[in-house]
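Residue strings, one per chain:
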Amino acid sequence: MKLPRTLNPVFARELRQRMRGPRAAIILILYLLVLVFIVQIVYFAASGGANRGAPSIETLAGVGRSVFHTLVFFVLGLVCFIVPGVTASAVAGERERQTLVPLQITLLRPWSILVGKLMASLAFVVLLIVATLPLAAVSFLLGGVEPIEVIRATAMVLVVAVTLACVSLWCSTFFKRTQGATVVALALVFLLCVGTFIAFGAQMILQRGQVQGRSQLLLVANPFMAVADVLDRRDEQLSASGASPFTPMQLLLEQRRERQRDSSTWSTDSGSGSGPGGSGPVVVPPRPTATVVVAPTTSGPPQPDAVPQPAVPQPAVPETVIRDVRPAPSNPILADRTAAAGFEPGVPWLSRVPFWVLSLLAFTVLSVGSLALAARRLALPKPTFS
Amino acid sequence: MSDLLAEAVVDDQSIAVRTEGLTKTYGALHAVAGLDLSIPRGSTFGLIGPNGAGKSTTFAILASLLTPTAGRAEVAGFDPSIDPVEVRRRVGYMPDVMGVYDNLRVQEYLEFFAAAYAVPRARWSELIGNLLELVDLTVKRDSMVDSLSRGMKQRLSLARALVHDPEVLILDEPASGLDPRARVELRELLLELRKMGKTIIVSSHILAELEEMCTHVAILEAGRLLASGSPRDIRSALPTGRRIVVKLAGGEEQVHVVADDEEQVALVRRLLVDEGLRVLQVVEADSGLEDLFMRITKGVVQ
Ligand SMILES: Nc1ncnc2c1ncn2[C@@H]1O[C@H](COP(=O)(O)OP(=O)(O)O)[C@@H](O)[C@H]1O
Ligand SMILES: [Mg+2]
């Protein structure tokens, strides 16, 4: 195999090792067969009601969306399993095979070893993700999915893959055995994917249904939430047939968006109890801190001590009307200051940042942090300054 | 024991590796305890000691893999714990355990390390050809590395350590686990490398191995240096000399003789022949260093 000159040596070597023989090709073919099977099932399930007679454009669009979202969900789940599996052996495997020491004393810097390992274990995963795209084209045919949505979803899944690979790579440097590294890497991924939901649910219960800004932060590092945020939300027209495995997450995100609107009125507590369903105002004792917030010179409701927060009878009025009536925040800097000073328990400026941006931030921190820790463990010896 | 030391006096320029009070402790255990070595450039230096003496620990420090607890080391002019990269440029290190990758050919294995040592790609082909010829693996160029025999892996590992043409070679127990034939091949290889001007540091607990190929020898026990010098120096410093056993034809009779050097052994043989005795065999009672080693370390071991 001829490889380009400037290729990372570790990557080049691993590529030769991994792509030798028919194994990779066989896995790829099996993977695509499974995907075709899934697409078929979803297609028939989603279009089942419309089989009699010509389906409407809307129904087809809904089927397309279902197919696409299911594909994304499946690929994301697969990434969560495969990436730790193929990455956790990266360094621990060399340790086990006793090939790590010769590698460490070469002139390769630790980060360059890590990047090579990262690229090697991601190469196959990226191949799988890219191989999925032609199938996603089925949803183009049916409508209901925009090309930009496909690009956004692919990009976010790739970011998730890189992040999980970095975390797994750290496990691989931390543990002596591949087995231990794999188990811990999978446990960490499980923590991100499921543990965050559990913690979020626990917080919800503790706060009696109130969704606070900070507890939302728990979900920012959740891969499924991050991907759900870059997928289009379901329209009302498509609600019947456009079912998506991401719907629960998108409902949560919808809640957050409403809080976003509410926070423009300088009151974080007021809107949080009212989901899209409008379950009625939850009676919450007014927070003493809310009184310190200086209302800007707008027509927003003033907030004296005694008046409970949910003064605006939101559930009774359609959401859009409320939004139209409220003025845009006139002084975001002031809002930032109050948040920084800790007056606002909901951290309003955070809830104004799009969720996927927060997710990208969280993933970046996770990746860079893991790589930095891993590089420290690979670097030998520790410098002595004595 | 220090009166046994017959350390060669060498000027600073010709010192390839030096340690001063080198110490590495693991908790209360002193793996290396105040080791002073000076290894002349171009010499073949044998570090001899039983298991757990601290040979591998010393080598790991020299190869910049381990930071000493105290003391300092200097390899090819650089301190491995301060300038690890400069040391790595100049040192080829072969650990006592050798692992090889699966699904990789011999040539690809060496190409990988050539790349990892930043050897320009234009020189790979010639370099790898030369290395394979040196370690006699030319015919195995396209074989998978994990299919090689142990001796071949060992030689491939040596070729790997030579990829960046280091001036100092550190070989940790290279002969362990090899069959006699592979050992002879290894010894010849090391002689060839010495002729190329490389400083070779080699460890073993198989003493007869090192006696013949080393110019300098140090004996290590529990992290401490017990003796060092040329094998000859150490031998001649011993009060008792060598014990020779002469076997005569036609009987159970054996003659034990104590001789100081080869000339005396030859003299004994000639005298016996002159007397009209039929000499079957003249052997040493104990192979030199092994004997020395046993006597020096007596009481310290266990
Ligand atoms: N990482 C370590 N942790 C604790 N003890 C160690 C470690 N490495 C080596 N030792 C101990 O240090 C001593 C010297 O080991 P080593 O240098 O491997 O000896 P040798 O190579 O001469 O057999 C041994 O007693 C060994 O158990
Ligand atoms: Mg050892």
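Use the structure listed above.
Notes on the structure follow. Everything quoted here is computed from the prediction, not taken from an experiment. (Residues numbered from 1 in each chain as written. Chains lettered and ligands numbered in written order. Predicted model: local features only at pLDDT ≥ 70, side-chain atom pairs only at ≥ 80, totals over all residues. Heavy atoms only, no water.)

1. As for the overall build of chain A
What counts here: Numbering of helices and strands runs from the N terminus, with a helix taken as a DSSP run of H or I at least four residues long and a strand as a DSSP run of E at least two residues long. With a 1.4 Å probe rolled over the protein chains alone, any residue whose accessible area is under 20% of its type maximum counts as buried; one over 50% counts as exposed, and the rest are partly exposed. Throughout, a residue-residue contact means that at least one pair of heavy atoms, one from each residue, lies within 4.5 Å.
Helices and strands together make up the secondary structure of chain A, namely 15 helices and 0 strands. For chain A, buried positions account for 47% of its 386 residues. A sequence separation of at least 24 residues applies to 80% of the contacts in chain A between residues at least 6 apart.

2. Observations regarding the nonpolar core
One recurring pattern in soluble globular proteins: nonpolar side chains tend to sit buried together. Definition in use: By nonpolar core we mean a set of buried residues, namely Ala, Val, Leu, Ile, Met, Phe, Trp, Tyr and Cys, connected to one another through side-chain atoms within 4.5 Å.
In terms of nonpolar packing, the biggest core is built from 148 residues, with Val79(A), Phe246(A), Leu158(B), Val163(B) and Ile201(B) touching the most fellow members. When residues of this core are assigned to their parent elements, the largest contribution, 12 residues, is made by helix α6 (residues 110-142) of chain A. In this structure, Val163(B) is in contact with Leu110(B), Phe113(B), Ala114(B), Tyr117(B), Val119(B), Leu127(B) and Leu131(B), ignoring residues within four places of it in sequence. Counting 5 residues, the second-largest nonpolar core is a separate cluster that includes Ala88(A), Ala92(A), Cys171(A) and Ala185(A).

3. As for the interface of chain A and chain B
How we decide: Simply put, the buried area is the total loss of 1.4 Å probe accessible area from both parts when two parts are fitted together. For this analysis, a polar contact is any N or O atom pair within 3.5 Å, provided that within protein one partner can donate a hydrogen and the other can accept it, and provided that sequence-adjacent residues contribute only side-chain to side-chain pairs.
Taken together, the contact between chain A and chain B spans 27 residues of the former and 32 residues of the latter. Summed over both sides, the interface of chain A with chain B buries roughly 2900 Å², with 58% coming from carbon and sulfur. On inspection of chain A and its partner chain B, the count reaches 12 residue pairs in polar contact (both at pLDDT 80 or more). Breaking the side of chain A that touches chain B down by element, the ones donating at least two residues are α1 (9-18), α4 (89-97) and α5 (100-104) of chain A. Tallying contributions element by element places α1(A) first for the side of chain A that touches chain B, with 5 residues.

4. Details of the sheet that holds strand β9 (residues 224-229) of chain B
Residues and elements named next belong to chain B. Stated formally: One bridge is not enough; two strands pair if DSSP finds at least two bridges between them. To obtain an axis, a line is fitted to C-alpha atoms, over the contacting stretch when the element is a helix, and the angle between two such axes runs from 0 to 180 degrees between their N-to-C directions.
Spatially, 6 strands are ordered β5-β6-β7-β3-β8-β9 in an open sheet, and the strand pairing comes out mixed. Looking along the sheet, the strands with just one partner apiece sit at the ends: β5 (91-94) and β9. Averaged over all pairs of adjacent strands, the angle between their axes in this sheet comes to 15°, without regard to strand direction. Taken together, the 4 bridges between β5 and strand β6 (residues 168-171) define a ladder with parallel strand orientation. For Gly92, the partnering residue across the bridge sits in β6 and is Leu169. Sheet strands touched by helix α5 (residues 150-161): β5 and β6. Its angle to β5, the strand with the most contacts, is close to 160°. Sitting on the sheet, helix α6 (residues 180-195) is in contact with β3 (44-48), β6 and β7 (199-204), with an inclination near 155° to β7.

5. Quick look at the packing of helix α3 (residues 57-87) of chain A against helix α8 (residues 178-206) of chain A
Residue and element names in this part refer to chain A. Rules: Every angle not falling under 35 degrees, over 145, or within 65 to 115 is termed oblique; those three ranges are roughly parallel, roughly antiparallel and roughly perpendicular. Helix crossings are classified by the rotation of the near helix relative to the far one: an anticlockwise turn of less than a right angle makes the crossing left-handed, while a clockwise turn makes it right-handed.
α8 packs onto α3 with a crossing angle of 155° between their chain directions and a minimal axis gap of 9 Å. Taken together, the axes of α3 and α8 are roughly antiparallel relative to one another. For the element pair α3 and α8, the recorded crossing hand is right-handed. Mapping the contact onto sequence places Cys80, Phe81, Pro84 and Gly85 in α3 and Thr182, Ala185, Leu186, Val189 and Cys193 in α8.

6. Overview of the site of ligand 1
Residue and element names in this part refer to chain B. Rules: Consider each residue's heavy atoms; a residue with any of them within 4 Å of a molecule or strand counts as near. Using a 1.4 Å probe, accessible areas were evaluated by the Shrake-Rupley method; residue-level cover was limited to the displayed protein chains. Nonpolar residues are Ala, Val, Leu, Ile, Met, Phe, Trp, Tyr, Cys and Pro. Charged residues are Asp, Glu, Lys and Arg, and all others, Gly as well, are polar.
Close to ligand 1 lie Tyr26, Leu29, Ala31, Pro50, Asn51, Gly52, Ala53, Gly54, Lys55, Ser56 and Thr57. One nitrogen or oxygen atom from the main chain of Gly52 is found 2.7 Å from an oxygen atom belonging to ligand 1. Gly54 places a main-chain nitrogen or oxygen 2.9 Å from an oxygen atom of ligand 1. Relative to its unbound accessible surface of 560 Å², ligand 1 loses 59% to contact with the protein. Contributions of two or more residues to the shell around ligand 1 are made by β2 (29-40) and α1 (55-62). With 3 residues, the single largest contributor to the shell around ligand 1 is α1. Residues that form the shell around ligand 1 fall into these classes: 5 nonpolar, 5 polar and 1 charged.

7. Looking at the state of the cysteines
Residue and element names in this part refer to chain A. To be explicit about the condition: By disulfide we mean two sulfur atoms from cysteines, separated by a distance within 2.5 Å.
A complete count under the given rule lists 0 disulfides over all chains for this structure. Cys80 takes part in no disulfide bond, and the closest cysteine sulfur, belonging to Cys193, lies 3.6 Å away. As a non-bridged cysteine, Cys166 has Cys171 as the owner of its nearest cysteine sulfur, 11 Å distant. Residue classification places Cys166 among the buried positions, given a relative accessible area of 2%.

8. Let's talk about the packing of α1(A) against helix α3 (residues 106-116) of chain B
Remark: α1(A) packs on α3(B), axes separated minimally by 9 Å, with the N-to-C direction vectors making an angle of 165°. By the angle between their axes, α1(A) is roughly antiparallel relative to α3(B). Where α1(A) crosses over α3(B), the two elements pack in a sense that is left-handed. Residues Pro9(A), Val10(A), Arg13(A) and Arg16(A) of α1(A) touch α3(B), and the partners they reach there are Glu108(B), Glu111(B), Phe112(B), Ala115(B) and Ala116(B). Here the residues of the contact of α1(A) with α3(B) sort into 5 nonpolar, no polar and 4 charged.

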